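The residues making up each chain are set out below.
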Amino acid sequence: RAIYLQPVGTPWPSAVSETLAHIGNSGASAIRTDLLRQLARGESAALPSAVWIDAAMGSWQESRGETQKALVHLKKAETLAADYPDAVDWLRLAQTTPLVKLGQKGTATTLLAPMIAREDNSQIMLAAMSKLGVIKLTGGSPQHGVRLLHRAVEDAQGVDWPGKSSARADLALGLLMIGENS
């Protein structure tokens with residue numbers, strides 16, 4: 001609702017971005033999402049408040065199952081964050097979940113491909129690889145999905161990113177899907 005109450009042409013106060021960055025850095029919370037956590041780790045001090053608000057709204061709406069609204073907010077946040085490439089990558093990664101739910105696996109894969117192509121074992125590259133692995137698992141290519149998840153989770157032991165524990169669980173499920181039980 002706050003987004004619709006903002007007067008046109010009036011910027012959000014800096015306290016908004018500071019509060020949302022604090023939520024991203026806080027311990028486990030019902031309103032802290034992986035996206036907010038990752039944005040708070042990066043260039044959060046410089047991100048405009050509008051990026052924080054749309055990113056938060058998008059991630060919260062996605063968790064409530066409001067897929068189309070979530071995608072609109074995440075895309076808007078991406079556009080507003082154009083000068084912050086790390087934030088843009090995390091916002092694009094966040095867009096893949098609603099895209100898959102809307103049946104747009106090809107579009108989601110297209111968003112992930114440039115991040116994976118870096119092959120630099122960065123947090124974003126590994127998170128994108130694990131996301132693509134899940135898409136492959138559920139899309140009928142379990143062997144490929146398990147290989148991607150294994151590379152993201154097991155082969156990059158020293159790198160942590162929001163969502164890694166979920167990727168580890170997805171890897172275990174993938175291994176069960178293909179008949180591996182070790």
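Rules behind the numbers
- Residues numbered from 1 in each chain as written.
- Predicted model: local features only at pLDDT ≥ 70, side-chain atom pairs only at ≥ 80, totals over all residues.
- Heavy atoms only, no water.
- Helix = DSSP H or I, 4+ residues; strand = E, 2+ residues; numbered from the N terminus.
- Buried < 20%, exposed > 50% of the residue type's maximum accessible area, 1.4 Å probe, protein only.
- Contact = heavy atoms within 4.5 Å.
- Expected span 1.5 Å × (residues − 1).
- Salt bridge = Lys/Arg side-chain N within 4 Å of Asp/Glu carboxyl O.
- Core = buried A, V, L, I, M, F, W, Y, C linked by side-chain atoms within 4.5 Å.

(A) Spotlight on the overall build of the protein chain. Scanning the protein chain from N- to C-terminus turns up ten helices and zero strands. Helices (α) and strands (β) of the protein chain occur, in sequence order from the N terminus, as α-α-α-α-α-α-α-α-α-α. Evaluated residue by residue, the protein chain yields a buried proportion of 42% over its 182 residues. In the protein chain, once contacts between residues fewer than 6 apart in sequence are set aside, the share between residues at least 24 apart is 52%.

(B) Representation of unusual backbone geometry. Within the chain, Glu 119 stands out as a residue other than glycine whose phi angle is a positive 50°. Structurally, Glu 119 can be placed in the loop between α7 (105-117) and α8 (123-138). For Asn 121, which is not a glycine, the phi torsion comes out positive at approximately 55°. With respect to the helices and strands, the residue Asn 121 is situated in the loop between α7 and α8.

(C) Layout of the side chain of Gln 95. In this fold, Gln 95 is placed in helix α6 (residues 85-101). Exposure remark for Gln 95: the relative accessible area of 4% places this residue in the buried category. Excluding anything up to four places from it in sequence, Gln 95 contacts Leu 71, Leu 74, Lys 75, Glu 78 and Leu 111.

(D) Fine view of α6. In this model α6 runs 25 Å from its N-terminal to its C-terminal C-alpha over 17 residues, within 8% of the 24 Å that 1.5 Å per residue would give. Backbone geometry just after α6 places Gly 103 at a positive phi near 85°.

(E) Molecular detail of the pattern of salt bridges. All chains considered together, the criterion is met by six salt bridges. For Glu 78, the salt bridge goes to Arg 92, with nearest N and O atoms at 2.7 Å. Residue Glu 78 is located in helix α5 (residues 67-80), and its partner Arg 92 is located in helix α6; the two are separated by 14 residues in the primary sequence. In this structure, Asp 89 engages Arg 118 in a salt bridge whose closest nitrogen and oxygen atoms are separated by 2.5 Å. Residue Asp 89 is found in helix α6, and its partner Arg 118 is found in the loop between α7 and α8; the two are separated by 29 residues along the sequence. Note on Arg 118: relative accessible area 39%, which makes it partly exposed. Via salt bridges that share partners, Lys 75, Glu 78 and Arg 92 belong to a single interconnected network.

(F) The arrangement of the environment of Asp 170 in detail. Within the element layout of this structure, Asp 170 appears in helix α10 (residues 164-177). Between the C-alpha atoms of Asp 170 and Leu 137, which are 33 residues apart in sequence, the distance is 8.8 Å. Apart from the residues within four sequence positions on either side, Asp 170 is in contact with Val 134, Leu 137 and Leu 149.

(G) View of the nonpolar core. By size, the foremost hydrophobic cluster in this structure holds 43 residues, and its most contacted members are Leu 39, Leu 47, Trp 90, Leu 91 and Trp 161. Counting residues per element, the ones that place at least two in this core are α3 (34-41), α4 (49-63), α5, α6, α7, α8, α9 (142-153) and α10. By residue number, the principal contributor to this core is α8, which donates nine residues.

In short, shape yes, function no, at least from these values alone.
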